[in-house]
Every structure is written in structure tokens, then in C-alpha cells.
Amino acid sequence: MRRVQRPAAPARLKTYLSKKEAVVKAAQQAGRLDIEKTWKSARQTKLLGTTALKLLQGAMGQRERCMYCLDAHGTDIEHFWPKARYPARAFIWANWLLCCTECGRIKGSKFPLAGSGRPLLVNPCAEDPWQHLDFDADTGNLMARYDNASGAPSPKGLATVQALELDQREALSEGYRRTHRRLTDVVENALRGNPVDGAALLAKLLELDDHGLLPWCFHWAGQNEPTFVRLKVDHQAAWHVCAAGVS
Ligand SMILES: [Zn+2]
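Before going into details, it helps to say that this report is about the structure given with it. Values in this document were obtained by computation on a predicted structure and should not be read as measured data.

Calculation notes
Residues numbered from 1 in each chain as written. Predicted model: local features only at pLDDT ≥ 70, side-chain atom pairs only at ≥ 80, totals over all residues. Heavy atoms only, no water. Helix = DSSP H or I, 4+ residues; strand = E, 2+ residues; numbered from the N terminus. Buried < 20%, exposed > 50% of the residue type's maximum accessible area, 1.4 Å probe, protein only. Contact = heavy atoms within 4.5 Å. Areas by Shrake-Rupley, 256 points an atom, 1.4 Å probe, with all protein chains shown as cover. Axes fitted to C-alpha atoms, helices over the stretch in contact; angles between N-to-C directions. Parallel < 35°, antiparallel > 145°, perpendicular 65-115°, else oblique. Left-handed = near helix turned anticlockwise from the far one by under 90°. Nonpolar A, V, L, I, M, F, W, Y, C, P; charged D, E, K, R; others polar. Pairing = 2+ DSSP bridges.

### Looking at the overall build of the protein
Alright, step 1. From N to C terminus, the protein includes 10 helices and 6 strands.
Alright, step 2. By its C-alpha atoms, the protein is 70 × 40 × 30 Å across when sized along the principal axes.
Alright, step 3. Burial statistics for the protein: of 247 residues in total, 47% are counted as buried.
Alright, step 4. Summarising the internal contacts of the protein: among those between residues at least 6 apart in sequence, 68% fall at separations of at least 24.
Alright, step 5. Accessible surface, the protein: about 12400 Å² in total, of which carbon and sulfur atoms supply 50%.

Right, here's the structure in full:
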């Protein structure tokens, strides 16, 4: 997972969404709201089916990866607050993410909340997922980050891993493991040169980071992996170029 910059919605889409939001509200008040039907028909319009979807896909680079797993093609508009439980949020742009078929199926209408009512699911458009998640380079699994301050795993990390089954999907773990290995290999290769060309290394790393692991490698626990420690200790200038480029 990685932090995603949400694109701005064009004016025409904003207007359409406001209208739909009002329609949903009125139907809800009248007790005749069928959100699945309302969504299905809206989803078939060019504005949602093409414009909005393309906009979200564009935010995920050329490979249009799912915002939750970064492993599969993002093919659908996903409601962060599930529309089945929170229909009033169905047509709010800030509630839309891009997701793949598998993440959409697994998440379904799951939406863990903290006692305060705040979501316990990581929203990649709103926060750095690595604040709550950690990565196991041996298994390739994503897991909850252990928070030293509270002396416990991040509750949001735990709930996110559970809701999306991030530690139970073999193909997903294999994808993350491979990406981590490639990133490590590139750094190992660079370490053979002296001095290490930070800009060239950064460019190579960014090209290979399909799974958003670079912030973990340079800002979170990944910087304690032996290869990255060597880069940090022995080639500080190159380290700083890379660290600044992946934040
Ligand atoms: Zn996915």
C-alpha cells in the first residue's frame, strides 16, 4: 500500500454527484431508497463508468493498480465507507477509491470502526499506510505495525490486515516479496559502485516499486534491513537523495 494523491473531481462530475446525493437523501427520508439499484444505474453512465473511473485509475500510474493491494488492476470504484451501510456517502467523491475485484470481494461491506466512531481501515488517499502497517520481508505479508509508544500493534493496522486479509493472500505476498527482492538487488548493485549515484539509484528504485515499499524501506522499519543500513551508513548523500525522493 502507499499514500495516494486523490485527483480533483472535474466540475461536471461534482455537479452530478451533488444532485445524486440530494436524490439519495430524499429517497432515504421517504423510506424508498434502493442504493444498489441507484448506484448500478449511475455506474452505467459515461460520467461514472468512464470519466470518474479513468480519473481514479490515472492516480495509480500507468498500470492502474488497486489502491488497497497495489498488486492487481484497479477495475472498479470502491466506497471506502461501504454504500450498503452508509448510503448517504455513496456519491461523495472523497469516499471513492479504486479497487481490484479481489479486494472488493474480500472487503465487501466490512468497515471496522474505533470506539470513537472513526474508521479503523487505512484510507490510502488520506494517510500514509505505513503509519499503521509493517512488512515482513521473509513472508511478503503485510501486518500491523508495532507501535512503540503504546506498546501494542496499531489497531488500525490490525483491522486493515484483517478486513482485507492482507496476510492470507499467497499471490499478494509473493508479489510484495518479489518487489522487495528487486529493490534490495538494485541497492546491492549500486553499493558496488563508489560513489553511489543517488539520483540514478532513486530512478531505478521508483521504476521497480510496484507495491509501494520504498517509504517502508527509507522511512520505516525497512531501513533496518542490512542492505539499506549499508547504504545509509556508507553512502549518506545517496541515502538522502533516495529518502527525499520516496516520501
Ligand atoms: Zn486489490
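Resuming the write-up.
### Some details on the packing of helix α6 (residues 170-191) against helix α9 (residues 226-234)
Alright, step 1. Two elements in contact, α6 and α9, have axes separated by 9 Å at closest approach and are oriented at 40°. Between α6 and α9, the crossing angle belongs to the class labelled oblique. The handedness of the crossing between α6 and α9 is left-handed. Contact residues: Leu-183, Thr-184, Val-187, Glu-188 and Leu-191 in α6; Thr-227, Phe-228, Arg-230 and Leu-231 in α9.
Alright, step 2. When its residues are assigned to classes, the contact of α6 with α9 shows 5 nonpolar, 2 polar and 2 charged.

### Focus: the pairing of strand β2 (residues 96-99)
The side chains of a regular strand alternate between the sheet's two faces.
Alright, step 1. Here β2 shows no split at all, with Trp-96 and Leu-98 on one side and Leu-97 and Cys-99 on the other all buried.
Alright, step 2. Examined bridge by bridge, strand β1 (residues 76-79) and β2 share 4 bridges and lie antiparallel to one another. The partner of His-79 across the bridge, within β2, is Trp-96.

### Looking at the packing of α9 against helix α10 (residues 236-245)
Alright, step 1. Where α9 contacts α10, the axes come no closer than 5 Å and their chain directions differ by 115°. Between α9 and α10, the residues in contact are Phe-228, Leu-231, Lys-232, Val-233 and Asp-234 and Gln-236, Ala-238 and Trp-239, respectively.
Alright, step 2. When the residues that make up the contact of α9 with α10 are grouped by side-chain class, the tally is 5 nonpolar, 1 polar and 2 charged.

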